[in-house]
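Residues per chain, in single letters:
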Number of protein chains: 2
Amino acid sequence: MGKFQTLCTKCKKSPAIFFRKYSGEKLCKKCFLESVENRVKGTISRFKMFREEDRIAVGVSGGKDSVALLYILSKIEREFPKSELIAITIDEGIKGYREESLRIARKIAKDLDVEHVVFSFKDLFGYTLDSIFERSLKKEIRLAPCTYCGVLRRKALNLAAREVNASKLATAHNLDDEAQTILINFLRGDVERLARLEPIQSIVHPKFVPRVKPLMEVPENEVSLYVYLRELDFFSAPCPYARYALRGDIRDFLNKMEEKRPGTKFIVLNTHLKLLPFLKQALREKVSLQECIICGEPTPHKICKACELLQRIQN
Amino acid sequence: MGKFQTLCTKCKKSPAIFFRKYSGEKLCKKCFLESVENRVKGTISRFKMFREEDRIAVGVSGGKDSVALLYILSKIEREFPKSELIAITIDEGIKGYREESLRIARKIAKDLDVEHVVFSFKDLFGYTLDSIFERSLKKEIRLAPCTYCGVLRRKALNLAAREVNASKLATAHNLDDEAQTILINFLRGDVERLARLEPIQSIVHPKFVPRVKPLMEVPENEVSLYVYLRELDFFSAPCPYARYALRGDIRDFLNKMEEKRPGTKFIVLNTHLKLLPFLKQALREKVSLQECIICGEPTPHKICKACELLQRIQN
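Values in this document were obtained by computation on a predicted structure and should not be read as measured data.

Student: How should I be thinking about unusual backbone geometry in this particular structure?
Tutor: Residues apart from glycine generally show negative phi values, whereas peptide bonds are mostly found in trans. Phi angles above zero are rare outside glycine, and A:Glu231 is one such case at about 55°. Tracing the backbone through its elements, the reader meets A:Glu231 in the loop between helix 9 (220-229) and helix 10 (245-260). Judged by relative accessible area, which is 69%, A:Glu231 ranks as exposed. Positioned with a positive phi, B:Asn165 is a non-glycine residue whose angle comes to about 60°. Tracing the chain through its elements places B:Asn165 in the loop between helix 6 (145-163) and strand 6 (168-170).

Student: What is the right way to look at the domain arrangement of chain A in this model?
Tutor: Many authors give the size of an interface as the accessible area that is lost as the parts come together. All names here are of chain A. The domains assigned to chain A are domain 1 (1-46) and domain 2 (47-275). A C-alpha centroid distance of 26 Å is found between domain 1 and domain 2. Each side of the interface is counted separately: domain 1 has 17 residues, and domain 2 has 29 residues. Of the roughly 2200 Å² buried where domain 1 meets domain 2, counting both sides, 65% is carbon and sulfur surface.

Student: What exactly am I supposed to notice about the sheet that holds strand 6 of chain B here?
Tutor: The strands making up a sheet associate through backbone hydrogen bonding, with each pair oriented either parallel or antiparallel. All names here are of chain B. Spatially, the five strands line up as an open sheet ordered 5-4-3-6-7, and their pairing is parallel. Taken across any chain shown, the strands that pair with only one partner, and hence form the sheet edges, are strand 5 (115-120) and strand 7 (211-212). When strand 3 (residues 55-59) meets strand 6, the two strands line up parallel, connected through three bridges. Looking at the pairing, Val58 lines up with Ala170 of strand 6. Across the sheet, helix 3 (residues 98-111) lies against strand 4 (84-91) and strand 5, angled at about 175° from strand 4, the strand it touches most. Against the sheet, helix 6 engages strand 3, strand 4, strand 5, strand 6 and strand 7, with an angle of about 140° to strand 4.

Student: Help me understand the side chain of B:Arg20, please; the structure alone is not making it clear to me.
Tutor: Within the secondary structure, B:Arg20 is located in strand 1 (residues 18-20). Each residue touching B:Arg20, except ones within four places of it in the same chain, is listed here: B:Glu25, B:Leu27, B:Phe32, B:Ser35, B:Val36, B:Arg39 and B:Glu222.

Student: Where do I start with empty space enclosed by the protein in this structure?
Tutor: In this approach, a probe sized like a water molecule rolls over the atoms, and the result shows the empty space that is left. A full pass over the atoms with the stated rule returns one cavity of 30 Å³ or more. Roughly 40 Å³ of internal volume is contained in the largest cavity. Going through the elements one at a time, helix 11 (264-284) of chain A together with helix 11 (264-284) of chain B are the ones with two or more residues in the lining of the largest cavity. Among the residues making up the lining of the largest cavity, the classes are represented as six nonpolar, no polar and no charged.

Student: Explain the packing of helix 1 (residues 29-46) of chain B against helix 2 (residues 64-77) of chain B here, please?
Tutor: Two packed helices can be described by the angle between their axes and the distance between those axes. Residue and element names in this part refer to chain B. Following both chains from N to C, one finds helix 1 and helix 2 inclined at 75°, their axes separated by 11 Å at the closest point. By the angle class used here, helix 1 and helix 2 are roughly perpendicular. Of the residues in helix 2, those in contact with Val36, Glu37, Val40, Lys41 and Ile44 of helix 1 are Ile72, Leu73, Lys75 and Ile76. Partitioning the contact of helix 1 with helix 2 into residue classes produces six nonpolar, no polar and three charged.

Student: Got a minute to help me understand helix 1 of chain B in this structure?
Tutor: Since the α-helix turns once every 3.6 residues, residues separated by three or four places project in the same direction. All names here are of chain B. Here helix 1 contains 18 residues, and its C-alpha end-to-end distance of 25 Å stays within 8% of the 26 Å for a straight helix at 1.5 Å per residue. Within the span of helix 1, buried status applies to Cys31, Phe32, Leu33, Ser35, Val36, Glu37, Val40, Thr43 and Ile44. Buried residues in helix 1 make contact with strand 1, strand 2 (25-27), helix 2 and helix 9 (220-229).

Student: How do you make sense of the interface of chain A and chain B when you look at a structure like this?
Tutor: The partner chain B presents 28 residues to the 28 residues of chain A that form the contact. Interface of chain A and chain B: buried area, both sides summed, is about 2600 Å²; carbon and sulfur atoms make up 74% of it. Area buried by chain A at its contact with chain B is led by A:Phe186, A:Leu187 and A:Phe278, which between them contribute 26% of it. Here chain A is connected to chain B by four salt bridges.

Calculation rules
Residues numbered from 1 in each chain as written. Chains lettered and ligands numbered in written order. Predicted model: local features only at pLDDT ≥ 70, side-chain atom pairs only at ≥ 80, totals over all residues. Heavy atoms only, no water. Helix = DSSP H or I, 4+ residues; strand = E, 2+ residues; numbered from the N terminus. Buried < 20%, exposed > 50% of the residue type's maximum accessible area, 1.4 Å probe, protein only. Domains from an automatic or database assignment. Contact = heavy atoms within 4.5 Å. Buried area = accessible area lost by both parts, 1.4 Å probe. Pairing = 2+ DSSP bridges. Axes fitted to C-alpha atoms, helices over the stretch in contact; angles between N-to-C directions. 1 Å grid on protein atoms, 1.4 Å probe; cavity = no way out; pocket = protein on both sides within 12 Å on 5 of 7 lines; lining within 4 Å. Points joined across faces, edges and corners; volume = space filled by probe spheres on them. Nonpolar A, V, L, I, M, F, W, Y, C, P; charged D, E, K, R; others polar. Parallel < 35°, antiparallel > 145°, perpendicular 65-115°, else oblique. Expected span 1.5 Å × (residues − 1). Salt bridge = Lys/Arg side-chain N within 4 Å of Asp/Glu carboxyl O.

Rendered as structure tokens:
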């Protein structure tokens with residue numbers, strides 16, 4: 001070992017390759033990988049995300065987060081023979097973008113010997129995202145493509161998970177995603193959406209496959225390092241529609257805060273989790289689910305958000 | 001009128017001098033001043049801040065916010081002959097800083113024909129802030145002067161308000177102060193402090209003079225324009241100790257957000273106000289006030305925060 005190398009603070013044997021500022025740990029490759037996996041296990045057990053006999057649908061876009069999630073879950077799953085994994089990819093229909101990420105999603109599922117199914121916006125809703133946005137522009141509807149995509153992808157994932165008989169739906173949101181969404185909803189004053197931002201979905205309905213977020217306590221930079229060290233293939237091109245102005249500002253702000261006060265993102269998440277029972281209580285008094293009069297999916301409104309958006313571009 | 005001048009959107013008579021982005025209004029001097037005063041009246045009545053026979057202590061540092069507050073309250077008070085105002089200045093004992101602001105506080109009170117009383121840290125606690133911070137440095141206590149000042153000023157204002165037999169204590173926090181404090185406490189995970197951030201203090205104790213914040217719905221830039229247009233004298237030098245790193249970052253962030261999405265600061269305040277009943281419920285289960293075993297003031301702890309800090313620099 002060179003004399004400038006620092007030893008891992010955990011095993012005290014191998015050279016450290018990562019300094020985890022918020023905890024003060026300096027970790028070697030092996031201890032870092034283990035610690036990320038243990039973090040995910042901890043999140044799963046802390047929030048009781050899975051049961052032994054769950055059939056878990058994993059949303060896999062092919063990006064680093066979902067690739068890491070599928071890899072880690074397939075590793076954990078080996079210890080639970082009664083559970084099953086199935087990878088789901090939603091093909092929104094974005095030309096020149098989704099094709100390559102689909103190939104990567106297929107490859108990682110195959111490598112891990114996990115069943116893989118693709119569902120497309122075109123099949124589910126009759127339109128690709130490209131054609132939806134084209135129609136939206138023609139009709140001069142001032143909505144961002146991300147608005148359509150977010151609402152429809154959410155619905156598509158639920159329909160897909162139900163279609164494959166999954167009992168849970170795991171998505172790859174990491175700590176940064178969660179902390180950003182918390183602040184965004186706070187700055188937008190969207191208390192209802194805040195109340196619905198949970199580690200495991202608590203609104204029970206026979207048509208809802210409960211969602212869980214096993215990576216929610218792993219910072220984004222650790223997810224990146226994890227897939228890099230595991231030499232996992234992933235798709236990194238940004239979506240051609242991506243222009244998340246607000247999210248970008250919030251991301252920059254949170255990164256700056258994290259830099260100055262390591263641990264800030266965890267605090268944002270944990271403050272939210274402390275408030276969550278009270279938010280949910282506030283919400284419970286208001287929300288009652290009914291079935292959308294167009295598609296029959298559960299929604300707090302007469303017509304679900306997805307059908308509402310689709311109507312706007314059709315009429 | 002020159003041809004490039006825009007008319008006030010309210011009176012449609014005089015030229016507009018201020019564009020209120022978040023509402024779209026363009027206001028002339030007269031309508032702007034009236035609208036700020038009406039906003040304060042609205043806040044006071046919305047949160048039932050005052051009763052007709054209140055004796056209101058107003059914390060006046062001499063800065064623009066407290067000068068505006070005293071001016072506006074004295075204007076409103078004329079309509080309520082049973083109410084009384086009394087200006088209170090806390091002299092923390094910061095050499096080369098407080099002397100001039102004291103002079104200004106005295107002048108505005110005199111101009112408005114409001115009784116004015118000064119209370120000093122030295123008299124109340126036995127030390128000036130300068131000497132407290134000097135001792136703190138010598139003892140290598142790693143606390144910012146603002147920590148001592150915040151805790152002691154809070155206590156001093158309550159003692160002073162009680163001393164002058166006030167039934168309410170008004171402080172000059174504006175919308176920016178409130179929105180910043182909300183985010184700061186969120187980023188620090190301080191749910192208890194969030195729960196205590198109220199338009200009118202709800203913890204009732206015979207030794208607490210209830211605090212109110214009549215300017216909490218007036219943005220900082222409107223307070224500045226108000227004192228400028230009213231040609232009020234105020235003290236503008238920054239405190240020599242001021243190095244609010246975190247608050248500065250949050251201020252910059254909120255100003256950027258407000259610039260991009262006018263109204264953001266109001267949304268932060270209103271989101272907080274929506275959550276407040278639930279936060280208070282969470283707190284109520286935990287907090288029980290007792291009297292500090294040193295000074296006898298109400299506190300959730302055995303020793304109040306002020307006495308605790310003073311002990312640290314004494315022993």
